[in-house]
Amino acid sequence: MVQKSETIWFDGKQVPWDEANVHVLTHTLHYGAGVFEGIRAYECADGSSEVFRLDEHMVRLINSAKILGIKVPYTAEELTDAAIDTLKRNKLAGAYVRPLVFIGDGAMGVHPGDNPIRTIIATWPWGAYLGDDALEKGIAVKCSSFNRHHVNVMMTKSKACGNYVNSVLAKTEAVADGYDEAILLDTTGHVSEGSGENIFMVVDDVIYTPHSDGVLGGLTRNSIIALANDLGYEVREEPMTRDMLYVADEVFFTGTAAELTPISSIDHRQIGEGKAGPVAMMLQTEYFKIVKGENPDYEHWLHRYSI
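Residues numbered from 1 in each chain as written. Predicted model: local features only at pLDDT ≥ 70, side-chain atom pairs only at ≥ 80, totals over all residues. Heavy atoms only, no water.

The chain is annotated in an unreviewed UniProt entry as Branched-chain-amino-acid aminotransferase from Pseudodesulfovibrio nedwellii. Per UniProt, the chain carries the Sequence similarities (unreviewed entry) text "Belongs to the class-IV pyridoxal-phosphate-dependent aminotransferase family." Under the UniProt heading Function (unreviewed entry), the note attached to the chain is "Acts on leucine, isoleucine and valine." (UniProt positions renumbered as here; feature names shortened; annotations may be inferred.)

Pasting the structure below:
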């Protein structure tokens, strides 16, 4: 269950959590045309807090809306300020931040007409997305029977609400079958991404990830690629097949919620030693140093605040 905070920023105002409501005929509730972001705030070693790549997330939110033809009534800077204000109001030193832009009630056909564009930013405490042990022990994953969207069927570069019906189906299937998470293939049969994560594999100390053309441009993905390059690893973006994953030395997910989570098995095939491998552990350790403000070389990725 989501742990309630005191307020949610709703169309420019701080509203009590239980009063941040919408009408049941809200257009996006019926048709899925909305966009959102997932962002994390971390408490730092010096007692301050930071939001990881907050500005870039808000720019992506606006770009996602633009792809869907939705004009966000706020600038990225205004949304950044609103997120920080909400974290402070809720006295959260570390938290998950969820901005959402959606089409309100009014016209009820597929075309939304002049329905109002609504915007919220919610914040709440949230631990490890895939479980406390997952960051070290890894998770069991299956290749889903559901394919990821074709680029000309859905707008895959938009973090659109409706796109995630695909993710819900894949994740629900995986959990029902006894797995922790799903890997979706694209319509050509190549590896795409998880239900809410990007994916990497390691072979002979070379790191591979699917080419960005067919996946959501994850900011954690981008951060891990940059970090790996800085640590001297070669990173290749190229097509990957699921049998390549089966025999890889390591496979891991990245994402705001998942952070960097190793994969211990895929389709009942053990990956590497069946736990976090040395490359994943190295990247995970350095990533957490960055997000907790312990590596000044990446300070430009952090948006500092104090509660």
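Resuming the write-up.
Draft legend 1. Spotlight on the packing of helix α2 (residues 54-67) against helix α3 (residues 76-89). Running from N to C, α2 and α3 cross one another at 125°; their axes reach a closest spacing of 9 Å. Taken together, the axes of α2 and α3 are oblique relative to one another. Seen along the crossing, α2 lies across α3 with a hand that is right-handed. The residues of α3 that touch α2, namely those facing Leu54, Asp55, Met58, Val59, Leu61 and Ile62, are Ala76, Leu79, Thr80, Ala83 and Ile84. Looking at the contact of α2 with α3 residue by residue, the class counts come to nine nonpolar, one polar and one charged. (Axes fitted to C-alpha atoms, helices over the stretch in contact; angles between N-to-C directions. Helix = DSSP H or I, 4+ residues; strand = E, 2+ residues; numbered from the N terminus. Parallel < 35°, antiparallel > 145°, perpendicular 65-115°, else oblique. Left-handed = near helix turned anticlockwise from the far one by under 90°. Contact = heavy atoms within 4.5 Å. Nonpolar A, V, L, I, M, F, W, Y, C, P; charged D, E, K, R; others polar.)

Draft legend 2. Structural detail: the packing of aromatic side chains. Using the criterion set out here, one finds eleven aromatic pairs in the structure. Arranged with centres 4.5 Å apart and planes meeting at 90°, the rings of tyrosine 96 and tryptophan 126 form a pair that is edge-to-face. Taken together, the residues span a long stretch of sequence, with tyrosine 96 in strand β6 (residues 95-103) and tryptophan 126 in the loop between β7 (117-124) and α4 (134-137) at a distance of 30 residues. Relative accessible area serves as the criterion here: at 34%, tryptophan 126 is assigned to the partly exposed category. For the pair phenylalanine 200 and phenylalanine 252, a centre-to-centre distance of 5.2 Å together with 10° between the ring planes defines the contact as stacked. Here phenylalanine 200 is found in strand β11 (residues 198-203), whereas its partner phenylalanine 252 is found in strand β14 (residues 250-255), with 52 residues between them in sequence. Each of the two residues, phenylalanine 200 as well as phenylalanine 252, counts as buried. Grouped by ring-pair contacts, the aromatic residues Phe52, Tyr287, Phe288, Tyr298 and Trp301 constitute a single cluster. The ring centre of tyrosine 246 lies 4.2 Å from the NZ or CZ of arginine 269, which sits over that ring. (Phe/Tyr/Trp six-rings, centres within 6.5 Å; stacked < 30°, edge-to-face > 60°. Buried < 20%, exposed > 50% of the residue type's maximum accessible area, 1.4 Å probe, protein only. Lys NZ or Arg CZ within 6 Å of the ring centre and 35° of its normal.)

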